[in-house]
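For reference, the chains in residue letters:
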Amino acid sequence: MIYHTRNTYDAIVVGSGITGGWAAKELCEKGLKTMVLERGRNVEHGKDYITEHKQSWEMPYRGRAVPREEAKRDWPVLSRSGGPSETTKHFYLNGRENPYIEEKPFTWVRGDQVGGRSLTWGRQSYRLSDLDFEANARDGHGVDWPIRYKDLAPWYSYVERFAGISGQKEGMPQLPDGEFLPPMEMNAAEKAFKQGMESAFPDRRVTIGRTAVLTQAHNGRGACHYCGPCSRGCSVGAYFSSQSSTLPAAFATDNLTLRPHSLTHSLIYDPETSKVTGVRFIDTQTKEMHEVYARVIFLCASTLGSTQVLLNSTSTRFPNGMANSSGALGKYLMDHHFRLGASGEMPGLEDRYYTGNRPNGIYVIRFRNLGDAATRQPDYVRGYGFQGGASRASWSRGIGGPAFGADLKNALRDPAPWQMWIGGWCEALPNEKNYVTLSDQTDAYGLPQLKIHCTWHENEFAMRKDVPVAAAEMLEAAGARNVSMFDDFVEDGIGAEPGRCIHEMGTARMGRDPKTSVLNAHNQCHDHPNVFVTDGASMTSSACQNPSLTYMALTARACDYAVSEMNKGQL
Ligand SMILES: Cc1cc2nc3c(=O)[nH]c(=O)nc-3n(C[C@H](O)[C@H](O)[C@H](O)COP(=O)(O)OP(=O)(O)OC[C@H]3O[C@@H](n4cnc5c(N)ncnc54)[C@H](O)[C@@H]3O)c2cc1C
Ligand code: SF4
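Note that residues are indexed from 1 along each chain, following the sequence as it is written. Here chains are named by letter from A upward and ligands by number from 1 upward, in the order in which they appear as written. Thresholds applied to this predicted model are a pLDDT of at least 70 for local features of residues and 80 or more for the giving and counting of side-chain atom pairs; totals over whole chains, interfaces and linings are not thresholded and use all residues. Only hydrogens and water are set aside; all other atoms, that is, all heavy atoms of the structure, feed into the side-chain values.

Attention now moves to the sheet that holds strand E12 (residues 362–364). For sheets, the rule is that strands pair by backbone hydrogen bonds, running either parallel or antiparallel. Pairing between two strands requires that DSSP report at least two bridges joining them. The secondary structure listing takes helices from DSSP runs of H or I that are at least 4 residues long and strands from runs of E that are at least 2 residues long, numbered from the N terminus. Strands sit in the order E6-E12-E13-E14-E11-E17 across an open sheet of six strands; the sheet is antiparallel. The sheet is open, and its two edges are formed by strand E6 (206–208) and strand E17 (481–487), each paired on a single side. Neighbour-to-neighbour, the strand axes of this sheet turn through a mean angle of 25 degrees, independent of strand direction. Where strand E13 (residues 384–392) meets strand E14 (residues 418–426), nine bridges bridge the pair, whose relative direction is antiparallel. Counted as the bridge partner of Phe 386 is Gly 424 from E14. The strands touched by helix H6 (residues 188–200) within the sheet are E6, strand E11 (340–346), E12, E13 and E14, with E14 carrying the most contacts at an inclination of about 60 degrees. Orientation is described by lines fitted to C-alpha atoms, with helices fitted over the stretch in contact, and by angles between N-to-C directions that extend from 0 to 180 degrees. Two residues form a contact once any of their heavy atoms are found within 4.5 Å.

The structure is reproduced here in structure tokens:
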């Protein structure tokens, strides 16, 4: 039985995570009556951060990873890497009810609740540059982005001003500066690393992480007090999430209707007008199918969630899904490859300490393949940045060790030596051999499961040879001792497999040519002008920067365009 939700809206937004929250805010503030459909349950800011202030002794497993059997049953994918923890498991989707098929290992980390993964993200926020927007055109991998940095720069500023990004201006063209709140401070060992590394490599730059965490009160939200467990939720609103930031702004307009427990099934197409008129969704509590209608639809269900909706919108007119006349839908899946780098001990700072849990690290700005001969790498194209930080282990390092008695106590009175690590966050190429399709098997709601086929290829492996060596070189140049390199990649196994970085991108890429891309320069489907996809699915290349700030800017820009087209009567 299909229930027709007779209310017709101006706009429907699918998903309420980072991009859905932005779409809701922008469309509502521009006067559109907007329905947000979210597959997960509601999460109220503050009230539903159920472990936020819990101490370890208040939790059955002391806040550690949930027991293996439970994890394997309910979070089969996360359990492969030891998670989830008791403190955050309620923010991760139950994998038993929502399985997918991995033709090769692909760790798909999903958060299905109002707010999506905006509640658990790491908040690192960097702009892309023209080095990134021109990359595909320059080296021939993938299609050309239909936009350049100048098209997105004002929208980066727009979203940064609202979200609140703290950081340090550096004047490096490959990582454009933003509208920053005051930067967080590096600790003593990070400062020493910066000084030593930059004197050995004058063209390289270490900066404090640019992060969507407030260093001063901003837009009615409180400043961060460095307590640390951000992924449990932050009732201060010190980090950007849909709950702390965009959804309250959307609600304030009175134009927002938010419907949790509403799993979007497919788009509705009217053959008479040749237009998409709305969406079908399943009420996950009653399992009933509903239909709801609107003039414009924004798919913000996360990269693979949005592509799944389009692939599932099949009919005799669209046997391969909607927005797929190019055949590119589902293809060119990317993620950043990571979990490799180096670490070492920073000596000579034994009398220097730090307090609190700064929710941020340091960032080494990309220095490979910048377009000049000096930085060109013969073995691979594109590049990587490093994230990392320095800390001193506390007395707990003595637990389980082979010592006891007074000597052990004395040895643990002081923190351990400074340990510094840096790990590469590396660009992956858009490759037709990395793709998703729908399988014949269905999930608990009768939706075809996604079948994912994604592996790293020659360019990624060539880059991986360089990253740990470069990391070790920089640490040693800065005076680190006992430097060791690491690379967690395991052939056909779990360690540094695609998906693991949780920056899945592509599968409905933007492009200039409708024959080779799904979306145009405004994230609008070439085939269906009133349907927009503004999450990571739209990415034409991956760059090496954490991508969510770019999704925010693309979303705000696409909303502005959609509303101006509606006002002109074009949509
Ligand atoms: C631990 C962790 C650390 C991260 N760190 C960073 C970082 O430092 N920097 C960075 O840039 N990114 C980071 N990310 C990635 C970041 O969270 C995502 O890029 C971002 O959340 C994507 O936004 P989105 O709106 O596309 O998807 P999400 O935030 O995942 O939201 C999608 C929403 O859509 C809903 N949905 C899905 N399908 C449907 C459907 N069919 N119908 C209705 N609703 C649906 C989901 O339930 C979800 O609520 C991190 C992620 C995690 C988990
Ligand atoms: S460290 Fe800062 S952002 Fe994180 S939970 Fe604490 S106050 Fe919030």
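In this structure, Pro 84 follows Gly 83 across a cis peptide bond, with omega equal to -10 degrees. With respect to the helices and strands, the residue Pro 84 is situated in the loop between helix H2 (68–74) and strand E3 (101–102). For Arg 339, which is not glycine, the phi torsion reads 65 degrees and is therefore positive. Mapping Arg 339 onto the fold places it in the loop between helix H8 (303–311) and E11. Even without glycine at this site, Asn 523 takes up a positive phi of about 65 degrees. Inspection of the secondary structure assignment puts Asn 523 in the loop between E17 and strand E18 (531–533). Only protein chains enter the accessibility calculation, which uses a 1.4 Å probe. A residue is then buried if its area is under 20% of the maximum for its type, exposed if over 50%, and partly exposed in between. For Asn 523, a relative accessible area of 0% corresponds to the buried category.

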